[in-house]
Amino acid sequence: MIKIVTIIGARPQFIKAAAVSRAIAKKNQSLAGSDHVKEIIVHTGQHYDANMSAIFFDELKIPRPDYNLNIGSGSHGSQTGQMLAEIEKVLIHEKPDTVLTYGDTNSTMAGALAAVKLHIPAVHVEAGLRSFNRQMPEEINRIVTDEVASVLFCPTKAAVNNLSAEGIIHKKGTTALIDFNSRHCYLVGDVMYDSILFNTKLAEKKSNILTVLELRPNEYYLATLHRAENTDDPLKLKNIFLAFNDIAAKGEKIILPIHPRTRKCLTELERQNKANGFCLNSGVRLVDPVGYLDMIQLEKNAKAIFTDSGGVQKEAYLLQIPCMTLRPETEWVETVAAGWNTLCGSSLKKLMVAYEVLNTGQGTLPPFLSDATTGSSGFKDGVGYYGDGHASEKIIDIIYKGFLRQ
Ligand code: UD1
Ligand code: UDP
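Throughout what follows, the structure given in this document is the object of discussion. Predicted model only: the values in this text are computed from it and were never measured. (Residues numbered from 1 in each chain as written. Chains lettered and ligands numbered in written order. Predicted model: local features only at pLDDT ≥ 70, side-chain atom pairs only at ≥ 80, totals over all residues. Heavy atoms only, no water.)

### Focus: the layout of surface pockets
Part 1 of the argument: Volume-wise, the largest pocket comes out at about 1,200 Å³.
Part 2 of the argument: As for the largest pocket, its lining consists of 49 residues, of which Ala10, Pro12, His47, His226 and His259 are closest to the centre.
Part 3 of the argument: Its residues assigned to classes, the lining of the largest pocket comprises 19 nonpolar, 17 polar and 13 charged.
Part 4 of the argument: Taken as a whole, the second largest pocket spans an internal volume of roughly 190 Å³.
Part 5 of the argument: Along the wall of the second largest pocket there are 13 residues; nearest its centre are Arg22, Leu60, Lys61, Ile62 and Phe198.
Part 6 of the argument: If you list the elements that add at least two residues to the lining of the second largest pocket, you get α1 (11–29) and α7 (191–206).
Part 7 of the argument: Counted by class, the lining of the second largest pocket contains seven nonpolar, two polar and four charged residues. (1 Å grid on protein atoms, 1.4 Å probe; cavity = no way out; pocket = protein on both sides within 12 Å on 5 of 7 lines; lining within 4 Å. Points joined across faces, edges and corners; volume = space filled by probe spheres on them. Nonpolar A, V, L, I, M, F, W, Y, C, P; charged D, E, K, R; others polar. Helix = DSSP H or I, 4+ residues; strand = E, 2+ residues; numbered from the N terminus.)

### A look at the pattern of salt bridges
Part 1 of the argument: Taken as a whole, this structure holds 25 salt bridges when the rule is applied.
Part 2 of the argument: Note that Arg227 is salt-bridged to Glu138, the shortest N-O span being 2.8 Å. Pair noted here: Arg227 is in the loop between β8 (221–224) and α9 (228–231) and Glu138 is in helix α5 (residues 137–148), with a separation of 89 residues, a long-range link.
Part 3 of the argument: We classify Glu138 as buried; its relative accessible area is 15%.
Part 4 of the argument: Here Lys250 ties to Glu356 by a salt bridge, and the two come within 3.2 Å at their closest N and O atoms. One end of the pair, Lys250, is in the loop between α10 (234–249) and β9 (254–257); the other, Glu356, is in helix α15 (residues 348–359), with 106 residues separating them in the sequence. (Salt bridge = Lys/Arg side-chain N within 4 Å of Asp/Glu carboxyl O. Buried < 20%, exposed > 50% of the residue type's maximum accessible area, 1.4 Å probe, protein only.)

### Thoughts on the site of ligand 1
Part 1 of the argument: Near ligand 1 you find 21 residues, and of these His47, Glu138, His226, Arg261 and Lys264 are the closest.
Part 2 of the argument: Contact distances for ligand 1 include 2.7 Å between an oxygen atom and a side-chain N or O atom of Glu138.
Part 3 of the argument: His226 has a polar side-chain atom sitting 2.8 Å from an oxygen atom of ligand 1.
Part 4 of the argument: The protein chains hide 90% of the 740 Å² of surface that ligand 1 would expose on its own. (Near = heavy atom within 4 Å. Polar contact = N/O pair within 3.5 Å; in protein donor to acceptor, adjacent residues only side chain to side chain. Areas by Shrake-Rupley, 256 points an atom, 1.4 Å probe, with all protein chains shown as cover.)

### So, the side chain of Asn28
Part 1 of the argument: You can see Asn28 is positioned in helix α1.
Part 2 of the argument: One polar contact links the side chain of Asn28 to the main-chain amide nitrogen of Val37, over a distance of 2.8 Å.
Part 3 of the argument: Not counting residues up to four positions away in its chain, the partners in contact with Asn28 are His36 and Val37. (Contact = heavy atoms within 4.5 Å.)

### Observations regarding the environment of Ser107
Part 1 of the argument: As for its position among the elements, Ser107 is in helix α4 (residues 106–117).
Part 2 of the argument: Of the residues examined, Ser107 reaches a relative accessible area of 0% and is grouped as buried.
Part 3 of the argument: Taking the C-alpha atoms as reference, Ser107 lies 9.3 Å from Gln13; in sequence the two are 94 residues apart.
Part 4 of the argument: Every residue in contact with Ser107, bar those within four places of it in the chain, is listed here: Ile7, Ile8, Gly9, Gln13, Thr44, Gln46 and Met83.
Part 5 of the argument: Within the structure, the side chain of Ser107 is placed 2.8 Å from the side chain of Gln46, a separation counted as a polar contact.

### A few points about helix α6 (residues 157–165)
Part 1 of the argument: Buried within α6 are the following residues: Ala159, Val160, Asn162 and Leu163. Here the buried residues of α6 occupy an arc of 160° about the axis, which is enough to place them on one side. Of the exposed residues in α6, those oriented more than 90 degrees away from the buried face are Asn161 and Ala165.
Part 2 of the argument: In this structure, the buried residues of α6 make contact with α5, β6 (151–154) and β7 (184–187).
Part 3 of the argument: Remark: Gly167 follows α6 within two positions and exhibits a positive phi of approximately 75°. (Arc of directions from axis to C-beta.)

### Observations concerning the packing of aromatic side chains
Part 1 of the argument: In total, this model carries ten aromatic pairs according to the counting rule given.
Part 2 of the argument: A ring pair is formed by Tyr221 and Phe306, whose centres lie 5.8 Å apart and whose planes are at 45°; its orientation type is tilted. A residue pair is termed long-range when its members are at least 10 positions apart, and Tyr221 in strand β8 and Phe306 in strand β11 (residues 304–307) qualify at 85 residues.
Part 3 of the argument: The exposure class of Tyr221 is buried, given its relative accessible area of 1%.
Part 4 of the argument: Feature note: the residues Tyr221, Phe241, Phe244, Phe306 and Tyr355 constitute an aromatic cluster, connected by ring pairs.
Part 5 of the argument: Here Lys314 stacks its cationic end above the ring of Trp332, 3.7 Å away from the centre of that ring. (Phe/Tyr/Trp six-rings, centres within 6.5 Å; stacked < 30°, edge-to-face > 60°. Lys NZ or Arg CZ within 6 Å of the ring centre and 35° of its normal.)

Here it is, written out as structure tokens:
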């Protein structure tokens, strides 16, 4: 029996963990009961609104968390500190073989730190990504988590290269036994690609979001926005909404499922700018955050996507929708190299130029590229840089072999 404690807390982590939990269930079907991989799920409570948390457990059939720490929102230090203290209690009680963490949130870093302080090997899924912008809280979370983790699962070659450049990879990934003092790195592909493959057809069948919002395919733009660097800087936030307004003024619709953080900041921006006439064009439609299946449908049928989300940039690419990223840099550099993602930051000018290029058909989108070395079959099947759609199974196989005989 191998015991894994999975630490999740924020929206994208529910989606990533769903793919891996499915792989655990599949693996267990082929094993005798005494050899099973037992997963204990810990929800830190970083995200707690029903449409930021519960909806994903329901839709994606993620096992109910064994522990909900209910930490909630707070400053970075206080939120991370509380998580660390509470996760530690769970780990002391559960005594797992390993702790599984995802992505780059405060929940990720707290999970990894709590584990290694107890000499429990930490596993990091989505290791090696870097924006090289240390102002981002996520960049610090990534650096710390990668530095302490024993097993690093990279989604892309760029991620492996980053770990090499930082000297983090001491030992090449093999399926050798894993112990606390060794470091293992594997290029497995992206669990979010597994997730898109699994859920796209389901989304088509189950989601009626286009009808609900009275949208027709290819007649609207989709936007998401939540990065602190945008929401917490009134100038940047205003520029982005001015660009949305200008695009809407040309008769376009922009659908923005708005993150609670952004809603708060936008309300404040509107209050501060009331006197100088700032208000949203009616073509910019704010809707509450949607579930994953609705989101896939919205992405897949959009003309193009504006986003500062890491996950949404990748999904745009995998669904072959052009993306304009509301950040000056990205960790998902392949999407830019392939010509499907334009980095606009919060520049009104860059956003308008990117919109015009797309809308007037001045730019031709390059064909999707295939990446033979990851074993993927080329872009016609929707894959390129992000693996072969079996990252989750590879992760569980490696963990299983690595921890089995300890
Ligand atoms: C967090 C992650 C970010 C990730 C994002 C995914 C960190 C540092 N940031 O950012 O990497 O991309 O999740 O969505 O971990 N709020 C609610 N209800 C909720 C959740 C949040 O109202 O259910 C509001 C609160 O006012 C809170 C704010 O949103 O203070 C920010 O939430 P927080 O989890 O701290 O950061 P995110 O911006 O969501
Ligand atoms: N997402 C969703 N509903 C929304 C917005 C996003 O289901 O209203 C999904 C999206 O499809 C992607 C993930 O959430 O799979 C991305 O999460 P988010 O943008 O919050 O965080 P990031 O990826 O930037 O860390």
